[in-house]
Amino acid sequence: YSEGGVSLHHTLPRCVWPRGHPRGMITLTKKLKSSKGGGIPEPPKKRISIRDQLLVKEVSEMESNLPEGCVAKFEDPDTLHSFRLVVSPPEGYWSGGVFVFSINVPEEYNIAPPTVRCETKLWHPNISEEGEICLSLLRQNSIDGLGWAPTRRLKDVVWGLSSLFMDLLNFDDPLNIEAAEHYQRDKESFRRKVREYIDKYTKR
C-alpha cells in the first residue's frame, strides 16, 4: 500500500510485534529455557580446597586426642581453618593458668605449617610477651630437623603447644632470653613471676 508514492510498508519498524503476539515472546522463552528449571541459574559451587578436605579428617582426629587440659574452640563450625586452643596446664609452673592460642591454617596446608600466636600474656622462655612462639614444628625450615613436614598433622601442633607447659623444658634456644636466664639463675624467683603473670593476665 502506498500514499503519495511513498510505500508505508517500508516506513514501519521491523520486528515490533503487537502486545501479546506469539512472536513477541520468543526472546523471553529462550531465556527461560536456558535457566535450570525455568528460574534463575544457580551460581557455580565453590570447589573444596585440599586444605579443607584434610581438615575435615584432621580436626576430628585432633579433638579425639586432645592432651589433658586442652580444649579446641571453633567460633564457626564450618570454618575449620581458624580456631582457638585453650590450654589449662594440670601441673608444673603454669598450672592454674588458662592460656589461649589462635591457630590459623593457611591455604597452602599441609605444605606450609599453621600460624599460631599466644593471646595470653605470660612469663615463659619459649613464648614472648607479644605472643610469638618458639616451637620447632611450627617452622617451615628448622636447623634441628624437627621442623614442619607434610607428614605432620594438626594434633601434632596441639601436643607441641601443650608440651611448652611441661616442667621438662628445653631452653637451649629461648625466645624470651630474659625469662630463660631468670629460670636458670633462680627457679623459685622464676616461679613467683610466672604466678604474678597468671594472677594478672589469666583466670581459670
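Counting starts from 1 at the beginning of each chain's written sequence and moves along it residue by residue. Where totals are concerned, whole chains, interfaces and linings use all residues; where local detail is concerned, this predicted model gives features only for residues with pLDDT of at least 70, and gives and counts side-chain atom pairs only at 80 or more. Side-chain measures were taken over the full set of non-hydrogen atoms in the model, leaving aside hydrogen atoms and water.

K.L.:
I'd like to hear about the overall build of the protein chain, residue by residue, with values.
P.N.:
Numbered from the N terminus, helices here are DSSP runs of H or I no shorter than four residues, and strands are runs of E no shorter than two. Along the backbone of the protein chain there are five helices and six strands. Counting helices and strands in the order they occur from the N terminus, the protein chain gives β-β-α-α-β-β-β-β-α-α-α. Among the 204 residues that make up the protein chain, the fraction classed as buried is 36%. Whether a residue is buried, partly exposed or exposed follows from its accessible area with a 1.4 Å probe, protein chains only, as a fraction of its type maximum: under 20%, in between, or over 50%, in that order.

K.L.:
Before we move on, could you go through the nonpolar core and cite the residues and values that matter?
P.N.:
As used here, the term nonpolar core means buried Ala, Val, Leu, Ile, Met, Phe, Trp, Tyr and Cys residues forming a set that is joined through side-chain atoms within 4.5 Å. Ranked by internal contacts, the top residues of the largest apolar core, which has 39 residues, are Phe101, Ile133, Leu161 and Phe165. When contributions to this core are tallied by element, the ones reaching two or more residues are α2 (50-63), β3 (70-73), β4 (82-87), β5 (99-104), β6 (115-118), α3 (154-163), α4 (177-185) and α5 (187-201).

K.L.:
Outline the UniProt feature "active site" (unreviewed entry) in the protein chain, supporting the account with residue identities and numerical values.
P.N.:
UniProt positions are given in the numbering used here, feature names are shortened, and annotations may be inferred rather than shown by experiment. Feature annotation in UniProt places "active site" (unreviewed entry) on Cys134, given in this structure's numbering. One can find Cys134 in the loop between β6 and α3. On the basis of relative accessible area, Cys134 is assigned to the buried category, the value being 14%. Here Cys134 is in contact with Asn126, Arg139, Leu164, Asp173 and Leu175, once residues within four sequence places are set aside. Should any heavy atoms of two residues lie within 4.5 Å, those residues are considered in contact.

K.L.:
Can you tell me about the sheet that holds β6, naming the residues and giving the values?
P.N.:
Here, strands pair whenever DSSP counts at least two bridges between them. Taken in spatial order, the four strands of this open sheet run β3-β4-β5-β6, and their pairing is antiparallel. Sheet topology places β3 and β6 at the edges, where each strand pairs with a single neighbour. Adjacent strand axes in the sheet meet at a mean angle of 20 degrees when their direction is disregarded. As paired strands, β4 and β5 are joined by six bridges and run antiparallel to one another. Residue pairing in the sheet places Phe83 in a bridge with Ile103 of β5. With axes taken as lines fitted to C-alpha atoms, and helix axes fitted only over the stretch in contact, angles between N-to-C directions fall between 0 and 180 degrees.

K.L.:
Explain the packing of aromatic side chains residue by residue, including any values.
P.N.:
Ring pairs (aromatic) are described by centroid distance and by the angle formed between their planes. Ring pairs shown here join Phe, Tyr and Trp side chains whose ring centres sit within 6.5 Å, with only the six-membered ring taken for Trp; geometry is labelled stacked below 30 degrees between planes, edge-to-face above 60, and tilted in between. For the structure on display, the rule yields 12 aromatic pairs. Measuring from ring centre to ring centre gives 6.2 Å for Phe101 and Phe165, while their planes differ by 70 degrees; the resulting arrangement is edge-to-face. With a gap of 64 residues between them, Phe101 in strand β5 and Phe165 in the loop between α3 and α4 connect regions that are remote in the sequence. In terms of burial, Phe101 and Phe165 fall into one category: buried. Taken together through their ring pairs, the aromatic side chains of Tyr93, Trp94, Phe99, Phe101, Phe165, Tyr183 and Phe190 make up a single cluster. Only when the NZ of Lys or the CZ of Arg is both within 6 Å of the ring centre and within 35 degrees of the ring normal is a charge said to sit over the ring. Between Lys187 and the ring centre of Tyr183, over which it is positioned, the NZ or CZ distance is 4.6 Å. Cation over ring: Lys193 sits above Trp123, and NZ or CZ is 3.9 Å from the ring centre.

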